[in-house]
Amino acid sequence: MNRDIARLIVVKAAGGAFFLYPVYTLFLLSRDLDLTGIMTLESILALFLILWEVPSGALADRFGKKRLIALGCLLELVSSVPMLWVEGFWAFAVLYALSGVGIASLSGSLEAYLYEKLEEKEGMTRYLGYLRGAEWGGMLCGALVGGSIVAWGAIDEYALCIQLFIAAQVVALVGALTLTADAPGKGEHRDGFATILRSGGRMVFGIGGVLGLVLVALAVQGLSDRHYLWQPYLQVQGLEVRWFGAVAVLVCGCCTAGSLAAGWVSRLLARRVVIVAAGVLMLASLVAIVWVRDYRMAISAFLLLFFLGNLIEPIFTSMLNERFPDEARATALSCASWVSGGIVMAVRPGMGFLADLEITYPFAVDIAVVGAGVLAVSIGWRWMVRDGLRR
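Before going into details, it helps to say that this report is about the structure given with it. (Residues numbered from 1 in each chain as written. Predicted model: local features only at pLDDT ≥ 70, side-chain atom pairs only at ≥ 80, totals over all residues. Heavy atoms only, no water.)

### Focus on the packing of helix α11 (residues 244–268) against helix α13 (residues 295–321)
Okay, step 1: Packing of α11 against α13 brings their axes to within 7 Å, and their N-to-C directions diverge by 35 degrees. In terms of crossing hand, the pair formed by α11 and α13 is right-handed. The residues of α13 that touch α11, namely those facing Val-247, Leu-250, Val-251, Cys-254, Cys-255, Ala-257, Gly-258, Ser-259, Ala-261, Ala-262, Val-265 and Ser-266, are Ile-299, Leu-303, Phe-306, Phe-307, Asn-310, Leu-311, Pro-314 and Ile-315.
Okay, step 2: Its residues placed into classes, the contact of α11 with α13 shows 16 nonpolar, four polar and no charged. (Axes fitted to C-alpha atoms, helices over the stretch in contact; angles between N-to-C directions. Helix = DSSP H or I, 4+ residues; strand = E, 2+ residues; numbered from the N terminus. Left-handed = near helix turned anticlockwise from the far one by under 90°. Contact = heavy atoms within 4.5 Å. Nonpolar A, V, L, I, M, F, W, Y, C, P; charged D, E, K, R; others polar.)

So this is what it looks like as C-alpha coordinates:
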(Lines give C-alpha, C1' and ligand atoms only; values in the text may rest on other atoms or scores of the structure.)
Protein backbone atom coordinates (compact mmCIF):
# COMPACT_ATOMS: atom_id res chain seq x y z
CA MET A 1 0.00 0.00 0.00
CA ASN A 2 1.55 3.32 -1.05
CA ARG A 3 1.59 6.43 1.11
CA ASP A 4 -1.15 8.24 -0.75
CA ILE A 5 -3.60 5.39 -0.26
CA ALA A 6 -2.69 5.33 3.44
CA ARG A 7 -3.37 9.08 3.59
CA LEU A 8 -6.74 8.55 1.89
CA ILE A 9 -7.56 6.07 4.63
CA VAL A 10 -6.70 8.71 7.24
CA VAL A 11 -8.92 11.23 5.41
CA LYS A 12 -11.85 8.82 5.38
CA ALA A 13 -11.39 7.65 8.97
CA ALA A 14 -11.13 11.18 10.39
CA GLY A 15 -13.93 12.48 8.17
CA GLY A 16 -16.20 9.67 9.32
CA ALA A 17 -15.62 10.20 13.06
CA PHE A 18 -19.06 11.67 13.71
CA PHE A 19 -19.27 11.67 17.50
CA LEU A 20 -22.87 12.90 17.46
CA TYR A 21 -24.08 9.92 15.41
CA PRO A 22 -25.70 7.91 18.27
CA VAL A 23 -28.21 10.71 18.89
CA TYR A 24 -27.95 12.85 15.75
CA THR A 25 -31.63 12.64 14.81
CA LEU A 26 -32.59 13.43 18.40
CA PHE A 27 -30.15 16.37 18.30
CA LEU A 28 -31.86 17.76 15.20
CA LEU A 29 -35.29 17.25 16.75
CA SER A 30 -34.08 19.27 19.75
CA ARG A 31 -33.13 22.15 17.41
CA ASP A 32 -36.70 22.88 16.33
CA LEU A 33 -36.99 20.33 13.49
CA ASP A 34 -39.36 17.44 12.77
CA LEU A 35 -38.71 14.35 10.63
CA THR A 36 -40.19 16.00 7.54
CA GLY A 37 -37.80 18.90 8.03
CA ILE A 38 -34.86 16.56 8.58
CA MET A 39 -35.55 14.63 5.39
CA THR A 40 -36.00 17.94 3.54
CA LEU A 41 -32.53 18.91 4.73
CA GLU A 42 -31.31 15.71 3.10
CA SER A 43 -32.93 16.87 -0.13
CA ILE A 44 -31.20 20.25 0.15
CA LEU A 45 -27.90 18.44 0.62
CA ALA A 46 -28.69 16.31 -2.43
CA LEU A 47 -29.65 19.42 -4.45
CA PHE A 48 -26.33 21.14 -3.86
CA LEU A 49 -24.54 17.86 -4.39
CA ILE A 50 -26.23 17.64 -7.79
CA LEU A 51 -25.42 21.25 -8.70
CA TRP A 52 -21.72 20.85 -7.89
CA GLU A 53 -21.22 17.13 -8.58
CA VAL A 54 -20.45 17.22 -12.30
CA PRO A 55 -18.55 20.55 -12.33
CA SER A 56 -16.39 19.35 -9.43
CA GLY A 57 -15.60 16.10 -11.25
CA ALA A 58 -14.62 17.98 -14.40
CA LEU A 59 -12.47 20.39 -12.37
CA ALA A 60 -10.78 17.41 -10.71
CA ASP A 61 -10.02 15.83 -14.07
CA ARG A 62 -8.74 19.14 -15.44
CA PHE A 63 -6.79 20.62 -12.52
CA GLY A 64 -6.10 17.69 -10.18
CA LYS A 65 -8.11 15.50 -7.86
CA LYS A 66 -6.10 16.37 -4.74
CA ARG A 67 -7.35 19.97 -4.90
CA LEU A 68 -10.98 18.90 -4.94
CA ILE A 69 -10.41 16.38 -2.12
CA ALA A 70 -8.88 19.14 0.01
CA LEU A 71 -11.73 21.53 -0.87
CA GLY A 72 -14.28 18.90 0.17
CA CYS A 73 -12.58 18.40 3.54
CA LEU A 74 -12.41 22.17 4.09
CA LEU A 75 -16.12 22.63 3.40
CA GLU A 76 -17.02 19.76 5.72
CA LEU A 77 -15.01 21.52 8.45
CA VAL A 78 -16.63 24.90 7.76
CA SER A 79 -20.15 23.42 7.82
CA SER A 80 -19.57 21.63 11.14
CA VAL A 81 -18.54 24.60 13.30
CA PRO A 82 -21.90 26.50 13.32
CA MET A 83 -23.67 23.36 14.53
CA LEU A 84 -22.59 24.45 18.00
CA TRP A 85 -25.20 27.20 18.07
CA VAL A 86 -27.59 27.21 15.10
CA GLU A 87 -31.29 26.38 15.45
CA GLY A 88 -34.20 26.10 13.05
CA PHE A 89 -34.70 24.72 9.58
CA TRP A 90 -33.17 27.54 7.51
CA ALA A 91 -29.98 27.75 9.53
CA PHE A 92 -29.39 24.04 9.11
CA ALA A 93 -30.34 24.34 5.44
CA VAL A 94 -27.30 26.58 4.87
CA LEU A 95 -25.03 24.08 6.63
CA TYR A 96 -26.44 21.17 4.63
CA ALA A 97 -25.90 23.15 1.41
CA LEU A 98 -22.22 23.67 2.30
CA SER A 99 -21.90 20.01 3.21
CA GLY A 100 -23.49 19.01 -0.11
CA VAL A 101 -20.85 20.98 -2.02
CA GLY A 102 -18.15 19.38 0.14
CA ILE A 103 -19.43 15.84 -0.42
CA ALA A 104 -19.70 16.48 -4.17
CA SER A 105 -16.10 17.69 -4.24
CA LEU A 106 -14.98 14.49 -2.55
CA SER A 107 -17.14 11.84 -4.21
CA GLY A 108 -15.83 11.26 -7.71
CA SER A 109 -12.44 12.85 -7.01
CA LEU A 110 -11.48 10.56 -4.17
CA GLU A 111 -12.48 7.33 -5.91
CA ALA A 112 -10.80 8.39 -9.16
CA TYR A 113 -7.63 9.37 -7.26
CA LEU A 114 -7.59 5.95 -5.59
CA TYR A 115 -8.09 4.11 -8.88
CA GLU A 116 -5.23 5.95 -10.54
CA LYS A 117 -2.87 5.26 -7.62
CA LEU A 118 -3.48 1.50 -7.78
CA GLU A 119 -0.85 -0.53 -9.59
CA GLU A 120 -3.25 -3.48 -9.91
CA LYS A 121 -6.67 -2.22 -10.96
CA GLU A 122 -8.25 -5.57 -10.06
CA GLY A 123 -7.81 -4.60 -6.40
CA MET A 124 -10.22 -1.65 -6.67
CA THR A 125 -13.07 -3.40 -4.85
CA ARG A 126 -10.73 -4.43 -2.03
CA TYR A 127 -9.26 -0.96 -1.59
CA LEU A 128 -12.65 0.70 -1.85
CA GLY A 129 -13.67 -1.65 0.93
CA TYR A 130 -10.66 -0.47 2.94
CA LEU A 131 -11.69 3.16 2.45
CA ARG A 132 -15.31 2.49 3.36
CA GLY A 133 -14.12 0.39 6.30
CA ALA A 134 -11.88 3.25 7.45
CA GLU A 135 -14.80 5.68 7.21
CA TRP A 136 -17.03 3.41 9.23
CA GLY A 137 -14.18 2.60 11.61
CA GLY A 138 -13.96 6.32 12.28
CA MET A 139 -17.72 6.38 12.77
CA LEU A 140 -17.39 3.41 15.13
CA CYS A 141 -14.83 5.25 17.27
CA GLY A 142 -17.04 8.32 17.20
CA ALA A 143 -20.04 6.26 18.27
CA LEU A 144 -18.06 4.69 21.13
CA VAL A 145 -16.93 8.05 22.45
CA GLY A 146 -20.16 9.92 21.69
CA GLY A 147 -22.32 7.11 23.05
CA SER A 148 -20.30 7.09 26.26
CA ILE A 149 -20.69 10.86 26.61
CA VAL A 150 -24.47 10.55 26.18
CA ALA A 151 -24.73 7.55 28.51
CA TRP A 152 -22.79 9.37 31.24
CA GLY A 153 -25.09 12.34 30.92
CA ALA A 154 -22.29 14.86 30.40
CA ILE A 155 -23.24 18.53 30.63
CA ASP A 156 -24.17 19.76 27.14
CA GLU A 157 -23.21 16.44 25.57
CA TYR A 158 -24.27 17.67 22.13
CA ALA A 159 -21.72 20.52 22.17
CA LEU A 160 -18.92 18.23 23.35
CA CYS A 161 -19.62 15.72 20.56
CA ILE A 162 -19.66 18.51 17.96
CA GLN A 163 -16.32 19.88 19.22
CA LEU A 164 -14.73 16.46 18.86
CA PHE A 165 -16.17 16.17 15.35
CA ILE A 166 -14.65 19.53 14.40
CA ALA A 167 -11.24 18.34 15.61
CA ALA A 168 -11.58 15.19 13.47
CA GLN A 169 -12.38 17.30 10.39
CA VAL A 170 -9.16 19.25 10.94
CA VAL A 171 -7.24 15.96 10.86
CA ALA A 172 -9.02 14.97 7.61
CA LEU A 173 -8.10 18.30 6.01
CA VAL A 174 -4.45 17.92 6.99
CA GLY A 175 -4.44 14.41 5.51
CA ALA A 176 -5.90 15.71 2.23
CA LEU A 177 -3.32 18.48 1.99
CA THR A 178 -0.45 15.97 2.31
CA LEU A 179 -1.57 13.89 -0.69
CA THR A 180 0.74 13.85 -3.70
CA ALA A 181 -0.35 16.47 -6.22
CA ASP A 182 -1.81 15.11 -9.45
CA ALA A 183 -2.35 18.38 -11.35
CA PRO A 184 -0.84 18.46 -14.86
CA GLY A 185 2.63 19.96 -15.10
CA LYS A 186 3.67 22.73 -17.44
CA GLY A 187 3.49 21.64 -21.04
CA GLU A 188 1.57 18.47 -20.16
CA HIS A 189 -1.50 17.96 -22.32
CA ARG A 190 -4.85 17.80 -20.54
CA ASP A 191 -8.24 17.83 -22.23
CA GLY A 192 -10.27 21.00 -21.99
CA PHE A 193 -13.11 21.45 -19.50
CA ALA A 194 -15.86 21.12 -22.12
CA THR A 195 -14.25 17.99 -23.62
CA ILE A 196 -14.05 16.34 -20.20
CA LEU A 197 -17.69 17.18 -19.47
CA ARG A 198 -18.85 15.70 -22.77
CA SER A 199 -16.75 12.56 -22.34
CA GLY A 200 -17.80 11.91 -18.74
CA GLY A 201 -21.45 12.60 -19.44
CA ARG A 202 -21.48 10.33 -22.49
CA MET A 203 -20.11 7.49 -20.36
CA VAL A 204 -23.18 7.61 -18.11
CA PHE A 205 -26.02 8.98 -20.24
CA GLY A 206 -24.94 7.60 -23.61
CA ILE A 207 -24.54 3.98 -22.50
CA GLY A 208 -27.73 2.24 -21.35
CA GLY A 209 -25.93 -0.41 -19.32
CA VAL A 210 -24.08 2.16 -17.20
CA LEU A 211 -27.19 4.22 -16.44
CA GLY A 212 -29.08 1.03 -15.63
CA LEU A 213 -26.31 -0.02 -13.26
CA VAL A 214 -26.51 3.33 -11.44
CA LEU A 215 -30.30 3.03 -11.03
CA VAL A 216 -30.18 -0.58 -9.89
CA ALA A 217 -27.41 0.18 -7.38
CA LEU A 218 -29.66 2.84 -5.84
CA ALA A 219 -32.74 0.60 -5.84
CA VAL A 220 -31.09 -2.44 -4.26
CA GLN A 221 -29.82 -0.32 -1.38
CA GLY A 222 -33.21 1.36 -0.84
CA LEU A 223 -34.39 4.97 -0.76
CA SER A 224 -35.03 5.56 2.97
CA ASP A 225 -32.15 6.99 5.00
CA ARG A 226 -31.88 4.39 7.73
CA HIS A 227 -29.14 6.31 9.53
CA TYR A 228 -31.74 8.94 10.40
CA LEU A 229 -34.70 6.62 10.95
CA TRP A 230 -33.36 3.88 13.21
CA GLN A 231 -33.24 6.21 16.23
CA PRO A 232 -36.88 7.39 16.19
CA TYR A 233 -38.00 3.88 15.19
CA LEU A 234 -36.32 2.26 18.20
CA GLN A 235 -37.52 5.06 20.47
CA VAL A 236 -41.11 4.41 19.37
CA GLN A 237 -40.61 0.70 20.08
CA GLY A 238 -39.56 1.48 23.66
CA LEU A 239 -35.75 1.43 23.65
CA GLU A 240 -34.31 3.93 26.16
CA VAL A 241 -32.07 6.67 24.75
CA ARG A 242 -29.19 5.66 27.04
CA TRP A 243 -28.81 2.49 24.93
CA PHE A 244 -28.55 4.35 21.64
CA GLY A 245 -24.79 4.66 21.96
CA ALA A 246 -24.43 0.89 22.18
CA VAL A 247 -26.69 0.41 19.14
CA ALA A 248 -24.71 3.04 17.22
CA VAL A 249 -21.49 1.14 17.95
CA LEU A 250 -23.07 -2.05 16.60
CA VAL A 251 -24.32 -0.19 13.50
CA CYS A 252 -20.88 1.24 12.77
CA GLY A 253 -19.27 -2.15 13.43
CA CYS A 254 -21.59 -3.81 10.89
CA CYS A 255 -20.93 -1.07 8.32
CA THR A 256 -17.18 -1.49 8.82
CA ALA A 257 -17.39 -5.28 8.55
CA GLY A 258 -19.52 -5.08 5.40
CA SER A 259 -17.09 -2.70 3.70
CA LEU A 260 -14.05 -4.80 4.58
CA ALA A 261 -15.78 -8.02 3.48
CA ALA A 262 -16.67 -6.64 0.03
CA GLY A 263 -13.36 -7.44 -1.65
CA TRP A 264 -13.10 -10.89 -0.08
CA VAL A 265 -16.68 -11.90 -0.94
CA SER A 266 -16.45 -10.61 -4.52
CA ARG A 267 -13.39 -12.82 -5.08
CA LEU A 268 -15.16 -15.92 -3.76
CA LEU A 269 -18.53 -15.47 -5.47
CA ALA A 270 -19.81 -13.96 -8.68
CA ARG A 271 -20.93 -10.35 -8.26
CA ARG A 272 -24.44 -11.13 -9.40
CA VAL A 273 -24.78 -13.86 -6.77
CA VAL A 274 -23.55 -11.53 -4.01
CA ILE A 275 -25.91 -8.72 -4.99
CA VAL A 276 -29.00 -10.92 -5.37
CA ALA A 277 -28.35 -12.78 -2.09
CA ALA A 278 -27.76 -9.50 -0.27
CA GLY A 279 -30.93 -8.02 -1.77
CA VAL A 280 -33.07 -10.96 -0.66
CA LEU A 281 -31.71 -10.74 2.89
CA MET A 282 -32.36 -6.99 2.91
CA LEU A 283 -35.96 -7.63 1.89
CA ALA A 284 -36.35 -10.06 4.79
CA SER A 285 -34.92 -7.46 7.18
CA LEU A 286 -37.30 -4.76 5.93
CA VAL A 287 -40.28 -7.09 6.35
CA ALA A 288 -39.22 -7.74 9.96
CA ILE A 289 -38.95 -4.00 10.66
CA VAL A 290 -42.41 -3.27 9.22
CA TRP A 291 -44.35 -6.17 10.73
CA VAL A 292 -42.48 -7.25 13.87
CA ARG A 293 -42.89 -4.37 16.32
CA ASP A 294 -40.14 -5.38 18.73
CA TYR A 295 -36.95 -3.35 19.22
CA ARG A 296 -34.81 -6.46 19.74
CA MET A 297 -35.80 -7.92 16.39
CA ALA A 298 -35.57 -4.47 14.82
CA ILE A 299 -31.98 -3.98 16.03
CA SER A 300 -30.97 -7.27 14.40
CA ALA A 301 -32.74 -6.32 11.17
CA PHE A 302 -31.13 -2.87 11.07
CA LEU A 303 -27.69 -4.33 11.69
CA LEU A 304 -28.13 -6.78 8.81
CA LEU A 305 -29.31 -3.96 6.53
CA PHE A 306 -26.26 -1.84 7.33
CA PHE A 307 -23.88 -4.76 6.85
CA LEU A 308 -25.34 -5.78 3.49
CA GLY A 309 -25.63 -2.21 2.17
CA ASN A 310 -21.95 -1.61 2.80
CA LEU A 311 -21.05 -5.02 1.38
CA ILE A 312 -22.56 -4.35 -2.05
CA GLU A 313 -21.79 -0.62 -2.40
CA PRO A 314 -18.05 -1.07 -3.21
CA ILE A 315 -18.96 -3.79 -5.72
CA PHE A 316 -21.25 -1.43 -7.64
CA THR A 317 -18.66 1.39 -7.48
CA SER A 318 -15.91 -0.89 -8.80
CA MET A 319 -18.13 -1.97 -11.68
CA LEU A 320 -18.63 1.68 -12.62
CA ASN A 321 -14.91 2.49 -12.36
CA GLU A 322 -14.08 -0.34 -14.75
CA ARG A 323 -16.21 1.30 -17.44
CA PHE A 324 -14.77 4.82 -17.36
CA PRO A 325 -11.62 6.21 -19.06
CA ASP A 326 -8.87 7.78 -16.94
CA GLU A 327 -9.13 11.21 -18.57
CA ALA A 328 -12.78 11.67 -17.53
CA ARG A 329 -13.11 9.22 -14.64
CA ALA A 330 -14.00 11.73 -11.91
CA THR A 331 -16.52 13.45 -14.20
CA ALA A 332 -18.20 10.16 -15.12
CA LEU A 333 -18.40 9.08 -11.47
CA SER A 334 -19.86 12.51 -10.65
CA CYS A 335 -22.47 12.10 -13.39
CA ALA A 336 -23.42 8.76 -11.85
CA SER A 337 -23.76 10.41 -8.43
CA TRP A 338 -25.78 13.19 -10.09
CA VAL A 339 -28.39 10.64 -11.16
CA SER A 340 -28.68 8.96 -7.76
CA GLY A 341 -28.54 12.31 -5.94
CA GLY A 342 -31.37 13.69 -8.04
CA ILE A 343 -33.59 10.76 -7.15
CA VAL A 344 -32.71 11.10 -3.47
CA MET A 345 -33.49 14.82 -3.56
CA ALA A 346 -36.92 14.10 -5.02
CA VAL A 347 -38.00 11.35 -2.64
CA ARG A 348 -36.45 12.14 0.77
CA PRO A 349 -38.99 14.81 1.88
CA GLY A 350 -41.77 12.35 1.07
CA MET A 351 -40.02 9.69 3.10
CA GLY A 352 -39.79 12.11 6.03
CA PHE A 353 -43.48 12.96 5.71
CA LEU A 354 -44.35 9.25 5.73
CA ALA A 355 -42.17 8.73 8.80
CA ASP A 356 -43.99 11.55 10.62
CA LEU A 357 -47.29 9.80 9.82
CA GLU A 358 -46.05 6.32 10.81
CA ILE A 359 -42.42 5.40 11.36
CA THR A 360 -42.70 2.11 9.43
CA TYR A 361 -44.07 3.62 6.19
CA PRO A 362 -40.65 4.46 4.62
CA PHE A 363 -39.49 0.89 5.19
CA ALA A 364 -42.65 -0.43 3.53
CA VAL A 365 -41.83 1.67 0.46
CA ASP A 366 -38.30 0.24 0.49
CA ILE A 367 -39.68 -3.29 0.31
CA ALA A 368 -41.08 -2.47 -3.14
CA VAL A 369 -37.95 -0.55 -4.23
CA VAL A 370 -35.42 -3.16 -3.12
CA GLY A 371 -37.59 -5.92 -4.57
CA ALA A 372 -37.59 -4.16 -7.95
CA GLY A 373 -33.81 -3.77 -7.78
CA VAL A 374 -33.26 -7.46 -7.01
CA LEU A 375 -35.58 -8.42 -9.87
CA ALA A 376 -33.67 -6.12 -12.25
CA VAL A 377 -30.33 -7.70 -11.28
CA SER A 378 -31.78 -11.18 -11.74
CA ILE A 379 -33.17 -10.64 -15.25
CA GLY A 380 -31.09 -7.77 -16.65
CA TRP A 381 -27.54 -8.49 -15.52
CA ARG A 382 -26.01 -8.92 -18.97
CA TRP A 383 -27.39 -5.58 -20.09
CA MET A 384 -25.93 -3.80 -17.04
CA VAL A 385 -22.45 -5.32 -17.21
CA ARG A 386 -21.81 -4.91 -20.92
CA ASP A 387 -18.74 -2.85 -21.87
CA GLY A 388 -19.41 0.76 -20.86
CA LEU A 389 -16.58 2.07 -23.09
CA ARG A 390 -18.26 0.90 -26.26
CA ARG A 391 -19.40 3.82 -28.39
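### What about a nonpolar patch on the surface?
Okay, step 1: Judged by side-chain polarity, Leu-144, Val-145, Leu-160 and Leu-164 come together as a nonpolar surface patch covering roughly 280 Å² of accessible area.
Okay, step 2: Listing elements by their share of the nonpolar patch, those giving two or more residues are α6 (124–151) and α7 (157–177).
Okay, step 3: As for its position among the elements, Leu-160 is in helix α7. (Patch = residues over 30% accessible without salt bridge, like charges linked within 9 Å, V, L, I, M, F, W, Y side chains within 5 Å. Areas by Shrake-Rupley, 256 points an atom, 1.4 Å probe, with all protein chains shown as cover. Salt bridge = Lys/Arg side-chain N within 4 Å of Asp/Glu carboxyl O.)

### Remarks on the side chain of Ser-79
Okay, step 1: Relative to the helices and strands, Ser-79 resides in helix α4 (residues 65–80).
Okay, step 2: Only 3.0 Å separates the side chain of Ser-79 from the backbone oxygen of Glu-76, close enough to count as a polar contact.
Okay, step 3: When sequence neighbours within four positions are dropped, the list of residues in contact with Ser-79 reads Leu-95, Leu-98 and Ser-99. (Polar contact = N/O pair within 3.5 Å; in protein donor to acceptor, adjacent residues only side chain to side chain.)

### Here's the deal with α4
Okay, step 1: Between its first and last C-alpha, α4 extends 23 Å over 16 residues, near the 22 Å set by a 1.5 Å rise per residue.
Okay, step 2: The buried fraction of α4 is high, at 12 of 16 residues.
Okay, step 3: By the burial criterion, the buried members of α4 are Lys-65, Lys-66, Leu-68, Ile-69, Ala-70, Gly-72, Cys-73, Leu-75, Glu-76, Leu-77, Ser-79 and Ser-80. (Expected span 1.5 Å × (residues − 1). Buried < 20%, exposed > 50% of the residue type's maximum accessible area, 1.4 Å probe, protein only.)

### A closer look at a negative patch on the surface
Okay, step 1: On the surface, a cluster of negative charge is made up of Asp-32, Asp-34, Glu-87 and Asp-356.
Okay, step 2: Within the fold, Asp-34 resides in the loop between α2 (24–30) and α3 (35–63). (Lys, Arg positive; Asp, Glu negative; His and termini not counted. Charge placed at Lys NZ, Arg CZ, Asp CG, Glu CD.)

### Focus on the pattern of salt bridges
Any two side chains of opposite charge can pair if their charged atoms end up close together.
Okay, step 1: Taken as a whole and judged by the stated rule, the model has four salt bridges.
Okay, step 2: Of the charged contacts, one joins Asp-366 and Arg-226 as a salt bridge, the two residues approaching to 3.4 Å between their closest N and O atoms. Taken as a pair, Asp-366 in helix α15 (residues 361–385) and Arg-226 in helix α10 (residues 226–236) lie far apart in primary sequence, 140 residues in all.
Okay, step 3: For Asp-366, a relative accessible area of 0% gives the class buried.
Okay, step 4: Among the residues examined, Arg-226 registers a relative accessible area of 8% and is labelled buried.

### Some words on the packing of aromatic side chains
Okay, step 1: Counting across every chain of the model gives 10 aromatic pairs.
Okay, step 2: Measuring from centroid to centroid gives 4.9 Å for Phe-18 and Phe-165, while their planes differ by 65 degrees, and the two rings are edge-to-face. You can see Phe-18 sitting in the loop between α1 (3–15) and α2 and its partner Phe-165 sitting in helix α7, a full 147 residues away along the chain.
Okay, step 3: Residue classification places Phe-18 among the buried residues on the basis of a relative accessible area of 14%.
Okay, step 4: The interplanar angle of 80 degrees and the centroid separation of 5.9 Å between the aromatic rings of Tyr-233 and Phe-363 together place this pair among those described as edge-to-face. Of this pair, Tyr-233 sits in helix α10 while Phe-363 is found in helix α15, placing the two residues 130 residues apart along the sequence.
Okay, step 5: The class for Phe-363 is buried, based on a relative accessible area of 0%.
Okay, step 6: Connected via pairs of aromatic rings, a cluster forms that spans Phe-18, Tyr-24, Phe-27, Phe-92, Tyr-158 and Phe-165. (Phe/Tyr/Trp six-rings, centres within 6.5 Å; stacked < 30°, edge-to-face > 60°.)

On their own, these measurements won't tell you what the molecule is for.
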